[in-house]
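Residues per chain are reported as follows:
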Amino acid sequence: MNTIQLGQSDLHVTPICLGTMTFGEQVDEASAHAILNRSLERGVNFIDTAEMYAVPARAETCGATETIIGNWFAKNPGVRQKVVLATKVAGPSRGMPWIRAGGGMTAADIGASCDASLRRLQTDVIDLYQIHWPERHVPAFGIVYYDPTKEKSETSIREQLEALAVLVRAGKVRHIGLSNETPYGVHEFLRLAEQHGLPRVASIQNPYCLINRTFENGLDETCHRLGVSLLAYSPLGFGLLTGKYDATGIASPEAPQGRMAKFESMKKQRWGRPEALVAARRYNALAREHGLTPSQLALAFCYTKWQVASTIIGVTSLAQLDEDLDAWGTTLSPELLKAIDAIRWELRDPAL
């Protein structure tokens, strides 16, 4: 894999990124270190994490993923210099008061969160520091419509940028990014950065997969014209696009023990909608009709789309990691892409 430039930054990353939110919940530390080692051996130089991980989020595991990665750095001198490290500061708590006492995300919160991440990660600098979700109210995480009556922003975008600028000047952060953002948010962060000489957003980390292509409804043009790179998360739709739930669904006792079957909180999210599984089954059947596994189709869709700079894969085993990496290089014929679009036209984006 050749590396690609993130936005207008000097970060060059592989088009596949190792996501780590399973570390500390579904994956123990020894297994996580084995996955990190194999990922690096196979050429992946990009690791993504967050202060709130592991997922599902619990007070007991908050920060556990960063700690596991930090211990890996400590055990393997020189490895830190070989990878581009991304992590995230959580937005307003969204029912997770253990992240911070207040309900907002102040400049002090951003600074304290960064310092805590640096300690857990056992590093002096974060290459890409992302705002995990907007401080203001937005339609995200399954919320379909924007509702201005729910606005309760306490920290302006400019204040957030100024807080991040302090971290960049201090050498704690190299570049900044956004996550779960909207076209307005991307434009405003960039407008204010240019107007006030503040750090420029390099990337946006949003969901993008066969059952959630909402990025293509405005954000793709925004990011293309403004030079912001997409880091696509959940390319396998929380496992729905692997085909493993096709026969059993996610609620049956016979369902494979992936995160959708294992955690009740996951069933209540957008990926747990019945319509999401209906659509996933259609795409999975289409893959098989064309001689591909469902995972190959779903990953190749992201790997080959011009909108995607790097695809974030999350795994719980070395076998899953190898399967996801082996899908690199899979091509999709024009006929298959046309069939994918036909399903989307019919079923739209059930996991938005």
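Starting afresh in each chain, residues are numbered from 1 along the sequence in its written order. Under the rules for a predicted model, residues below a pLDDT of 70 receive no local features and side-chain atom pairs below 80 are neither given nor counted, while totals for whole chains, interfaces and linings still include all residues. Side-chain metrics rest on all non-hydrogen atoms present in the structure, leaving aside hydrogens and water.

(A) Region of interest: the overall build of the chain. The helix and strand labels rest on DSSP assignments: H or I over at least four residues marks a helix, E over at least two residues marks a strand, and numbering proceeds from the N terminus. Each helix and strand in the chain was counted, giving 12 helices and 10 strands. On C-alpha atoms alone, the chain measures out to a radius of gyration of 19 Å, which is about the 20 Å that the 2.2 N^0.38 rule sets for 352 residues. Counting only C-alpha atoms and orienting by the principal axes, one finds that the chain spans roughly 55 × 50 × 40 Å. Whether a residue is buried, partly exposed or exposed follows from its accessible area with a 1.4 Å probe, protein chains only, as a fraction of its type maximum: under 20%, in between, or over 50%, in that order. For the chain, the residues scored as buried account for 57% of the 352 residues in total. In what follows, residue pairs with any heavy atoms lying within 4.5 Å of each other are defined as contacts. Of the contacts made within the chain by residues no fewer than 6 positions apart, 76% connect residues no fewer than 24 positions apart. Note that accessible areas follow from Shrake-Rupley with a 1.4 Å probe, and for residues the cover is restricted to the protein chains shown. For the chain, the exposed surface amounts to about 14,600 Å²; the carbon and sulfur share of it is 52%. Positive: Lys, Arg. Negative: Asp, Glu. His and the chain ends are not part of the count. Just so you know, the charge point we use is NZ for Lys, CZ for Arg, CG for Asp and CD for Glu. Here the chain contributes 36 positively and 38 negatively charged side chains, and the mean placements of these two sets differ by 1 Å. The size measure is the radius of gyration over C-alpha atoms, and the globule rule it meets is 2.2 Å times the number of residues to the 0.38 power.

(B) Up close: helix α1 (residues 29-41). The length a helix should cover is 1.5 Å for every residue beyond the first. Here α1 is 13 residues long and its end C-alpha atoms lie 18 Å apart, about the 18 Å a rise of 1.5 Å per residue gives. Along α1, the residues that are buried comprise A32, H33, I35, L36 and S39. One side of α1 carries all its buried residues, which in axial view fall inside an arc of 160°. What points out from α1, more than 90 degrees from its buried face, is the exposed set A30 and E41. Looking at the buried residues of α1, the elements they touch are β3 (16-19), β4 (46-48), α2 (64-75) and α11 (318-326). The directions from the helix axis to the C-beta atoms form the arc being described.

(C) Looking closely at the environment of A108. Position of A108 relative to the elements: it lies in helix α3 (residues 107-121). Overall, the relative accessible area of 58% leaves A108 in the exposed class. For the pair A108 and Q320, spaced 212 residues apart in the sequence, the C-alpha separation amounts to 39 Å.

(D) Local environment of the pattern of salt bridges. Put simply, a salt bridge is a Lys or Arg side-chain nitrogen that is within 4 Å of an Asp or Glu carboxyl oxygen. Tallying each qualifying case throughout the model produces 25 salt bridges. Of the charged contacts, one joins K88 and D48 as a salt bridge, the two residues approaching to 2.7 Å between their closest N and O atoms. Note that K88 is positioned in strand β5 (residues 84-89) and D48 in strand β4, a separation of 40 residues in sequence. The exposure class of K88 is buried, given its relative accessible area of 0%.

(E) Structural context of the packing of aromatic side chains. For Phe, Tyr and Trp, where Trp contributes only its six-membered ring, two rings pair if their centres lie within 6.5 Å, and the inter-plane angle classes them as stacked under 30 degrees, edge-to-face over 60, or tilted in between. Across all of its chains, the model carries six aromatic pairs by this definition. Ring plane angle 85° and centroid distance 6.0 Å describe the contact between W133 and F141, whose orientation is recorded as edge-to-face. A residue is classified by how much of its surface remains accessible, and W133, at 3% relative accessible area, is buried. A centroid spacing of 5.4 Å and a plane angle of 5° characterise the contact between F238 and W271, whose relative ring orientation is stacked. Taken together, the residues F238 in the loop between β9 (229-233) and α7 (259-262) and W271 in the loop between α8 (264-267) and α9 (274-289) connect sequence positions 33 residues apart.

(F) Quick look at the packing of α9 against helix α12 (residues 334-347). For helices, the fitted axis covers only the stretch in contact; all axes are lines through C-alpha atoms, and the angles between them, taken along N-to-C directions, range from 0 to 180 degrees. Interaxial distance between α9 and α12 falls to 11 Å at its minimum, and their mutual angle equals 165°. In terms of axis orientation, α9 runs roughly antiparallel to α12. Relative to α12, the crossing made by α9 is right-handed. In contact with A279, R282, Y283 and L286 of α9, α12 contributes L336, A339, I340, I343, R344, E346 and L347. Three classes are used, and their members are as follows: Ala, Val, Leu, Ile, Met, Phe, Trp, Tyr, Cys and Pro are nonpolar, Asp, Glu, Lys and Arg are charged, and the others, Gly among them, are polar. Considering only residue class, the contact of α9 with α12 consists of eight nonpolar, no polar and three charged. Comment on the angle field: the value is read as roughly parallel under 35 degrees, roughly antiparallel over 145, roughly perpendicular from 65 to 115, and oblique elsewhere. Note on convention: near helix rotated counterclockwise from far helix by under a right angle means a left-handed crossing. Clockwise means right-handed.

(G) Molecular detail of the pairing of strand β8 (residues 201-207). Across the seven residues that make up β8, a large majority, seven, are buried. Here, strands pair whenever DSSP counts at least two bridges between them. For strand β7 (residues 173-179) and β8, the ladder comprises four bridges, and the chain directions are parallel. Residue pairing for β8: I176 is matched across the bridge by V201. The definition of a right-handed crossover adopted here requires that, viewed with the strands pointing away, the path from the first strand over the helix to the second runs clockwise. Note on the crossover from β7 through helix α5 (residues 183-196) to β8: the handedness is right-handed. Here five bridges tie β8 to β9, and the two strands are oriented parallel to one another. By the bridge assignment for β9, Q205 is matched with L231. Viewed along the sheet, the connection from β8 through helix α6 (residues 219-226) into β9 turns out right-handed.

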